[in-house]
Amino acid sequence: MNSLSNIDNQSLRGFLQMVETDYPEELLRVRNAVDLKFESTAMLFELDKAGRSPVVLFENIKGHTMPVLTNAAGNRKLLAACLGVKPAELPTAFRERCQKYIPCEVVDNAAWDEVVIEGDAIDLTKLPVPLQFTVDAAPYITAGQLSARDPVTGVDTTGFHRLMLKDKNRLGVSLHSRRRMYEFHRRAEEKGQNLPVAITLGVHPLHYMGSMVYAYPQNVRKFEIIGGLFGEPYRLARCGVADLEVPAAAEIIIEGEILAGVHEPEGPFGEFTGYASYRSTQNVFVAKRIRMRRDAIYHSVVSGMSQDHILVSCITREGEILNALRRNLPNVRAVHVPHTTCGAFMAIVSMKKIAEGEPQMAMMATFGTELYTKYVIVVDDDVDIYDMNDVMWAVATRVRAEKDVIMVPGSKSAILDPTSDPQTFTVTKMGIDATKPAGKDFAERLVISEERRAHARSLLESAGVKL
Ligand SMILES: Cc1cc2nc3c(=O)[nH]c(=O)nc-3n(C[C@H](O)[C@H](O)[C@H](O)COP(=O)(O)O)c2cc1C
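The residue numbers shown here count from 1 along each chain, following its written sequence. For a predicted model such as this one, the threshold for reporting local features is a pLDDT of at least 70, and the threshold for listing and counting side-chain atom pairs is 80 or more; totals across whole chains, interfaces and linings nevertheless cover every residue. With hydrogens and water stripped out, all remaining heavy atoms of the structure feed into the side-chain values.

1. Concerning the domain arrangement of the protein
Line of reasoning, step 1. Domain limits in this description derive from either an automatic procedure or a database domain assignment. The domain architecture assigned to the protein consists of domain 1 (12–307) and domain 2 (329–434).
Line of reasoning, step 2. The gap between the C-alpha centroids of domain 1 and domain 2 is 30 Å.
Line of reasoning, step 3. It only takes one pair of heavy atoms within 4.5 Å for two residues to be counted as in contact. Across the boundary between the two partners, domain 1 contributes 15 residues, which contact 19 residues of domain 2.
Line of reasoning, step 4. Interface of domain 1 and domain 2: buried area, both sides summed, is about 1,600 Å²; carbon and sulfur atoms make up 61% of it.
Line of reasoning, step 5. Contact with domain 2 buries area across many residues of domain 1, yet Arg-178, Phe-272 and Arg-279 alone supply 45% of it, more than any other trio.
Line of reasoning, step 6. What counts as a salt bridge is simple: a side-chain nitrogen of Lys or Arg found within 4 Å of a carboxyl oxygen of Asp or Glu. At the junction of domain 1 with domain 2, the criterion picks out 1 salt bridge.
Line of reasoning, step 7. For the salt bridge of Arg-179 with Glu-370, the shortest nitrogen-to-oxygen distance reads 3.5 Å.
Line of reasoning, step 8. Identification of polar contacts relies on pairs of N or O atoms within 3.5 Å, with a donor-acceptor requirement for protein atoms, meaning one able to donate a hydrogen and the other able to accept it, and with residues adjacent in sequence counted only if both atoms are side-chain atoms. Linking domain 1 to domain 2 there are 6 residue pairs in polar contact (both at pLDDT 80 or more).
Line of reasoning, step 9. When residues are grouped by polarity, Ala, Val, Leu, Ile, Met, Phe, Trp, Tyr, Cys and Pro land in nonpolar, Asp, Glu, Lys and Arg in charged, and all others, Gly among them, in polar. Here the side of domain 1 that touches domain 2 is built from residues that sort into 4 nonpolar, 6 polar and 5 charged. Two parts placed together each lose some accessible area under a 1.4 Å probe, and adding up what both lose gives the buried area.

Structure follows, in structure tokens:
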């Protein structure tokens, strides 16, 4: 695994090269033998507990020759570097760039054209697919970007969907996020047709980030959003399944279809909620052809509540909600979707409130933008929304429950949220206005000026205290 062939700036290996050259401390090459059963995932969680989140390349997987790359998107510094900005500028840069749609370029030669496997030779169980948690029903392909065209408009999409290894050519798939792919499959099923799908494995983190965008016009391709993130046309190549176009620099392509009207048990699987998920749309994908690079790297996303699984969701949700709020509320400062709320279920909004009722507008706009968000806390701009202690202090001291809490029962929510109704997948959403009354006197917050703090630090230093 020392030299990689065919490196392209839009590829996973291009990203790897950037990390190795510019951030060598953020790349961990594991050369000793590692078992696909539980070991790689447990190692990543131990690194996380120690406050580290490097990209990890397992070069020696027991029983396999293909290396496994994981945690490609679990590091804020590296994601920011992909966009050429500082970590603090990431949500804003992401928000701006993913609205600059750039038409794709279709190229004739794809890196994954080197090896072609068809018919009876197809055997997905030969891929080094980790078994991540003891509850998982089987090994899961977790970094599969599924692409398909809308059977009505022809516009395509791309997004991650978990894939359960069932047989040599059969994968269980869950489309529970109910976004484009779910809808495309529903539309195909309505016509009594299977949905042609290509699974792309091994993409650049900017593809991962762009694929998580959900609020954009119906006629725009997600690949055009990803092009916006790259700042140049995303290079695609045709892959044969119903003329689908997939990233030309990817590692592995699995062509096939999601069957109409067929449902089979799928799961349980260790999900981003930190729970075993037994809920699934229980769809079935059948593989027709595999194509890959000769020296393909197998990409896997660490599942459960890992950084790899959640960090991009935090950033994309922060960006999407901020976009929606800024349209009507120019004094919204920032949005934080904390990792501890699974990168999904809570949004904290910072605003400079000018008039009463603005926090309520912010709550409704957030609920209308992001179906996964079930709690919104709005705070004044003197509160540090990245410090949960400060947020909880604002809730404790500024909220009058009888006036400041709103509930929206029966709201569409996440299928995987364990509190959502098992039949309708609805929840009661809650907004908490933790802002002070506008324009009125309110208890005065205790503050120590920056100047005094700096002086205090220097006094402490002279007293021999290291801060
Ligand atoms: C690592 C990862 C795994 C995911 N797995 C699933 C999944 O199994 N099913 C699903 O519906 N959404 C899943 N999602 C969320 C979708 O990828 C996301 O909502 C995406 O925007 C959907 O794309 P689409 O609009 O093409 O359907 C996952 C996201 C990540 C980051």
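That was the structure; now back to the text.
2. Structural notes on the state of the cysteines
Line of reasoning, step 1. In this description, a disulfide is simply a cysteine sulfur pair whose atoms lie within 2.5 Å. Under the defined criterion, the tally for this structure stands at 0 disulfides.
Line of reasoning, step 2. A disulfide-free cysteine, Cys-82 has its sulfur positioned 15 Å from the sulfur of Cys-98, the nearest such atom.
Line of reasoning, step 3. The buried label applies to any residue whose accessible area, calculated with a 1.4 Å probe on protein chains only, is under 20% of its type's maximum; exposed applies above 50%, and partly exposed to all values in between. Residue Cys-82 is classed as buried on the basis of its relative accessible area, which comes to 15%.
Line of reasoning, step 4. Of the cysteine sulfurs around Cys-342, a residue in no disulfide, the closest is that of Cys-314, at 9.4 Å.
Line of reasoning, step 5. On the basis of relative accessibility, which here comes to 9%, the residue Cys-342 falls in the buried class.

3. Considering the site of the ligand
Line of reasoning, step 1. Residues in close proximity to the ligand total 19 residues, the closest being Thr-157, Phe-160, Arg-162, Ser-174 and Ser-177.
Line of reasoning, step 2. At 3.0 Å, a side-chain N or O of Lys-222 approaches an oxygen atom of the ligand.
Line of reasoning, step 3. A cavity, in this analysis, means grid points on a 1 Å lattice covering only the protein atoms where a 1.4 Å probe fits yet has no way out; a pocket is instead an open set bounded by protein on both sides within 12 Å along at least five of seven lines, and a residue lines either one if it has an atom within 4 Å of a point. Put plainly, a molecule is in a cavity or pocket when over half of its atoms are within 2 Å of the grid points there. Judged by the proximity of its atoms to the pocket grid, the ligand belongs to the largest cavity.
Line of reasoning, step 4. Sorting the residues of the shell around the ligand by element identifies β8 (156–160), α5 (180–190) and α6 (205–211) as the ones contributing at least two each.
Line of reasoning, step 5. A per-element tally of the shell around the ligand places β8 first, with 4 residues.
Line of reasoning, step 6. Class assignment for the residues of the shell around the ligand results in 6 nonpolar, 9 polar and 4 charged. What makes a residue near a molecule or strand is one non-hydrogen atom of that residue sitting within 4 Å of it. For helices the rule is a DSSP run of H or I covering at least 4 residues; for strands it is a run of E covering at least 2, with both sets numbered from the N terminus onward.

4. Thoughts on the pairing of strand β14 (residues 252–258)
Line of reasoning, step 1. β14 sits mainly inside the fold: 7 of its 7 residues count as buried.
Line of reasoning, step 2. With burial as the criterion, each face of β14 is covered, one bearing Ile-252, Ile-254, Gly-256 and Ile-258 and the other bearing Ile-253, Glu-255 and Glu-257.
Line of reasoning, step 3. At least two bridges found by DSSP between two strands is the condition for calling them paired. Bridge analysis of strand β11 (residues 195–201) against β14 gives 7 bridges, and the strand direction is antiparallel. For Leu-195, the partnering residue across the bridge sits in β14 and is Ile-258.
Line of reasoning, step 4. Direction of pairing for β14 relative to strand β17 (residues 283–292): antiparallel, over a ladder of 7 bridges. Across the sheet, residue Glu-255 finds its bridge partner in β17, namely Arg-289.

5. Thoughts on the environment of Met-66
Line of reasoning, step 1. Summarising the element assignment, Met-66 is placed in the loop between β2 (55–58) and β3 (68–70).
Line of reasoning, step 2. On the basis of relative accessibility, which here comes to 15%, the residue Met-66 falls in the buried class.
Line of reasoning, step 3. Distance in space between the C-alpha atoms of Met-66 and Leu-12 is 15 Å, their sequence separation being 54 residues.
Line of reasoning, step 4. If sequence neighbours within four positions are ignored, Met-66 has contacts with Ile-61, Leu-127, Pro-128, Ile-252, Met-292, Ala-296 and Tyr-298.

6. Observations regarding the packing of aromatic side chains
Line of reasoning, step 1. Aromatic pairing here means that ring centres of Phe, Tyr or Trp (its six-membered ring) are within 6.5 Å. Orientation follows from the plane angle: under 30 degrees is stacked, over 60 is edge-to-face, and everything else is tilted. Under the criterion given, the structure shown has 7 aromatic pairs.
Line of reasoning, step 2. Seen in terms of ring centroids, Phe-272 and Tyr-372 are 6.2 Å apart; in terms of plane orientation they differ by 35 degrees. Their pairing is tilted. One end of the pair, Phe-272, is in the loop between β15 (269–270) and β16 (276–277); the other, Tyr-372, is in the loop between α9 (358–369) and β21 (375–380), with 100 residues separating them in the sequence.
Line of reasoning, step 3. On the accessibility criterion, Tyr-372 (6% relative accessible area) is buried.
Line of reasoning, step 4. Ring pairing ties together the aromatic residues Phe-223, Phe-230 and Tyr-234, which thus form one cluster.
Line of reasoning, step 5. The positively charged end of Arg-317 is found above the aromatic ring belonging to Tyr-372, 4.5 Å away from the centroid. Whether a charge lies above a ring is judged from NZ of Lys or CZ of Arg, which has to be within 6 Å of the ring centre and within 35 degrees of the ring normal.

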